[in-house]
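Each chain, written out:
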Amino acid sequence: MLSAKANLFGKELRKIPGVQVWEQEPLKRHTTYKIGGPADYWVEVQSEQALKALVPLLAGQEVRVLGGGSNVLASDAGLRGTVLRLKGEFEELSVDGLTVVAGAGASLKRLISVAAEAAIAGFEFLEGIPGTVGGALANNSGTAREGILERIVEVQVLDLRSGQVLSLSADQISFGYRRSALRRPDWIILRGTLRGIPGDITEIKARILRTREYRLKT
């Protein structure tokens, strides 16, 4: 049972427009392996404005962001503090020429699909990787040959210490195989601006299918 102080914290969270709160929410409902005990608070945030309003309340809290919940082993003992899920505005994608702006909460599957329909190549290698754009950026998801951060123009993050949004260009982000400098406990990835290359829709979809079959096979 949560303390009176914790209950007050939950009430304050609920006052913020664009925020939904669940107390003692089982993480097994949000992980692909269907495991995990309760988080003190499961908070779904619909917009950047709502997220910024949350920041003062989260001071001193243990804060984690969970995307698609893939490749996550959550303890049956649960997690103390607050687990955030970026929804709504953060699930949106937009296309301008060869550039795709992808919210951190958007699925990789949808990013690949949107790019393909716009005849933007260069994202096919992500096919079959579960999860969200935010998780992919944090971990530089991809293959042994290429990762998503090689497509990055800019990443925006919210600094939990200052409450400010930081815009980081590609040359400001160090990364390697399955790692990136974006993976920091005091940063929340908001969105990424990625650039692909010109392609033919039919050929792009054929490469997506081949990548999917290869991943299933291996």
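Just so we're clear, the structure is a prediction, and the values are computed from it rather than from any experiment.

J.: Residues and numbers for unusual backbone geometry, please.
T.: Positive phi, normally seen in glycine, also occurs at Asn140, with a value near 50°. Looking at the element boundaries, Asn140 is found in the loop between helix H4 (133–139) and strand S8 (152–159). Within the chain, Arg178 stands out as a residue other than glycine whose phi angle is a positive 60°. Residue placement: Arg178 occurs in the loop between strand S10 (175–176) and strand S11 (179–180).

J.: Go over the sheet that holds strand S1 (residues 19–26), please, and point to the residues and values.
T.: Pairing is mixed across the open sheet formed by 4 strands, whose spatial order is S1-S2-S4-S3. Edge positions in the open sheet fall to S1 and strand S3 (63–65), since each of these has one partner strand only. For this sheet, the mean angle separating the axes of adjacent strands, direction not counted, is 25°. With 7 bridges connecting them, S1 and strand S2 (residues 38–45) associate as antiparallel partners. The residue bridging Trp22 from the neighbouring strand is Trp42, located in S2.

J.: Explain the sheet that holds S8 residue by residue, including any values.
T.: Working definition: the strands of a sheet are paired by backbone hydrogen bonds and lie parallel or antiparallel to each other. As summarised here, the arrangement of the 5 strands in space is S5-S6-S12-S8-S9, forming an open sheet in which the pairing is antiparallel. At either end of the open sheet lies a strand with only one pairing partner, and these are strand S5 (93–96) and strand S9 (165–169). When the angles between neighbouring strand axes are averaged without regard to direction, this sheet yields 20°. The sheet contact formed by S8 and S9 spans 5 bridges and is antiparallel. Within S9, the position partnered with Val155 by the bridge is Leu168.

J.: Could you give me a rundown of the packing of aromatic side chains, with the residues and numbers involved?
T.: Summed over the entire model, instances satisfying the criterion amount to 1 aromatic pair. When the centroid spacing of 4.9 Å and the interplanar angle of 75° are considered together, the rings of Phe9 and Tyr41 count as edge-to-face. Of this pair, Phe9 sits in helix H1 (residues 4–14) while Tyr41 sits in strand S2; the two residues are 32 residues apart in sequence, bridging distant segments of the chain. Across the pair, Tyr41 and Phe9 agree in class, each one buried. Here Arg184 stacks its cationic end above the ring of Trp187, 4.0 Å away from the centre of that ring.

J.: Give a description of the packing of helix H3 (residues 108–117) against helix H5 (residues 201–217) that names residues and reports values.
T.: Relative to each other, H3 and H5 sit at 155°, their axes nearing to 9 Å. Relative to H5, the element H3 lies roughly antiparallel. For the pair H3 and H5, the contacting residues are Ile112, Ala116 and Glu117 in the first and Ile201, Ile204, Lys205 and Ile208 in the second. When grouped by side-chain class, the residues that make up the contact of H3 with H5 number 5 nonpolar, no polar and 2 charged.

J.: Any chance you could break down the side chain of Glu124 for me, citing the residues and the numbers?
T.: One can find Glu124 in the loop between strand S7 (120–121) and H4. In this structure Glu124 comes out as buried when scored by relative accessible area, which is 7%. Sequence-distant contacts of Glu124, that is, excluding residues within four places in its chain, are made with Ile204, Arg207, Ile208 and Thr211.

Here is what the cut-offs are and how they apply
- Residues numbered from 1 in each chain as written.
- Predicted model: local features only at pLDDT ≥ 70, side-chain atom pairs only at ≥ 80, totals over all residues.
- Heavy atoms only, no water.
- Helix = DSSP H or I, 4+ residues; strand = E, 2+ residues; numbered from the N terminus.
- Pairing = 2+ DSSP bridges.
- Axes fitted to C-alpha atoms, helices over the stretch in contact; angles between N-to-C directions.
- Phe/Tyr/Trp six-rings, centres within 6.5 Å; stacked < 30°, edge-to-face > 60°.
- Buried < 20%, exposed > 50% of the residue type's maximum accessible area, 1.4 Å probe, protein only.
- Lys NZ or Arg CZ within 6 Å of the ring centre and 35° of its normal.
- Parallel < 35°, antiparallel > 145°, perpendicular 65-115°, else oblique.
- Contact = heavy atoms within 4.5 Å.
- Nonpolar A, V, L, I, M, F, W, Y, C, P; charged D, E, K, R; others polar.

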